[in-house]
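The chain contents come next:
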Amino acid sequence: MDTLVFISQIILIAMFAFLAGMKFLGTKATIQHWNDYRYPLWFMYLTAALEVMGMMGVLAGIWYPVLLRYAAALLVLLMLGAIHAHLFRARHKPVMAINALLMLVLSVFLIVVQL
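Residues numbered from 1 in each chain as written. Predicted model: local features only at pLDDT ≥ 70, side-chain atom pairs only at ≥ 80, totals over all residues. Heavy atoms only, no water.

S.K.: Account for the pattern of salt bridges, with residues named and values stated.
M.R.: Summed over all chains, the structure comprises one salt bridge. Of the charged contacts, one joins Lys-23 and Glu-51 as a salt bridge, the two residues approaching to 3.0 Å between their closest N and O atoms. Of the two residues, Lys-23 sits in helix α1 (residues 2-25) while Glu-51 sits in helix α3 (residues 41-60), which places them 28 residues apart along the sequence. Of the residues examined, Glu-51 reaches a relative accessible area of 3% and is grouped as buried. (Salt bridge = Lys/Arg side-chain N within 4 Å of Asp/Glu carboxyl O. Helix = DSSP H or I, 4+ residues; strand = E, 2+ residues; numbered from the N terminus. Buried < 20%, exposed > 50% of the residue type's maximum accessible area, 1.4 Å probe, protein only.)

S.K.: Any details on the environment of Lys-23? Residues and values, ideally.
M.R.: For Lys-23, a relative accessible area of 12% gives the class buried. Once the C-alpha coordinates of Lys-23 and Trp-34 are considered, the two residues, 11 residues apart in sequence, prove to be 9.6 Å apart.

S.K.: Outline the packing of helix α2 (residues 28-37) against α3, listing residues and values.
M.R.: Running from N to C, α2 and α3 point in directions that differ by 115°, and their axes come no closer than 10 Å. Classified by the interaxial angle, the pair formed by α2 and α3 is roughly perpendicular. α2 and α3 meet at a crossing whose hand is right-handed. Between α2 and α3, the contacting residues are Thr-30, Ile-31 and Trp-34 on the first element and Leu-41, Phe-43, Met-44 and Thr-47 on the second. A breakdown of the residues in the contact of α2 with α3 according to their chemical character gives five nonpolar, two polar and no charged. (Axes fitted to C-alpha atoms, helices over the stretch in contact; angles between N-to-C directions. Parallel < 35°, antiparallel > 145°, perpendicular 65-115°, else oblique. Left-handed = near helix turned anticlockwise from the far one by under 90°. Contact = heavy atoms within 4.5 Å. Nonpolar A, V, L, I, M, F, W, Y, C, P; charged D, E, K, R; others polar.)

S.K.: Would you mind going over unusual backbone geometry in detail, with residue names and values included?
M.R.: Of note, the phi angle at Arg-38 is positive, near 65°, even though the residue is not glycine. Among the structural elements, Arg-38 can be located in the loop between α2 and α3. Look at Arg-38 and you get exposed, because its relative accessible area is 54%. Located in the positive-phi region is Arg-91, a residue other than glycine, with phi close to 55°. Summarising the element assignment, Arg-91 is placed in the loop between α4 (65-89) and α5 (98-114).

S.K.: Lay out the environment of Asp-36 with the relevant residues and their values.
M.R.: Residue position: Asp-36 is located in helix α2. Beyond its immediate chain neighbours, meaning those up to four positions away, Asp-36 contacts Arg-89, Ala-90 and His-92. Polar side-chain contacts of Asp-36 include one of 2.8 Å to the side chain of Gln-32. (Polar contact = N/O pair within 3.5 Å; in protein donor to acceptor, adjacent residues only side chain to side chain.)

S.K.: I'd like a description of the nonpolar core, backed by residues and values.
M.R.: Among the nonpolar cores identified, the biggest contains 20 residues, and Leu-12, Phe-16, Val-58, Leu-75, Met-79, Met-103 and Leu-110 are the most heavily contacted of them. Put simply, the parts of the chain that give this core at least two residues each are α1, α3, α4 and α5. If one sorts the elements of this core by residue count, α4 sits on top with eight residues. When near neighbours in sequence (up to four residues on either side) are disregarded, Phe-16 contacts Gly-21, Glu-51, Met-55, Leu-75, Met-79 and Met-103. One finds Tyr-37, Met-44, Ala-85 and Ala-90 within the second-largest nonpolar core, a separate group that totals five residues. (Core = buried A, V, L, I, M, F, W, Y, C linked by side-chain atoms within 4.5 Å.)

Okay, structure coming up:
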């Protein structure tokens, strides 16, 4: 089980590092998505900062498992928001929310194994 937890942590760290980086850089695709969501751009940077906090908590959770539960809970909230933004605010096709759903499942898994 420890190996599965570690792999889940590495996947989440990599994905959130990439996604937060795209938001902080303000890539064309990211800006387009935020326009589709009808959220202000300052919220994109706040979301990126929260993603970095969650990612760093998951990273620290490798050595301090008590932090993992809280970091994963933050990521769960962020991914629920991402799924909502894709499906209801932007009315994207469900396939657009698969990445957020995968990260939601991994985050929930990390919480469950900590209980």
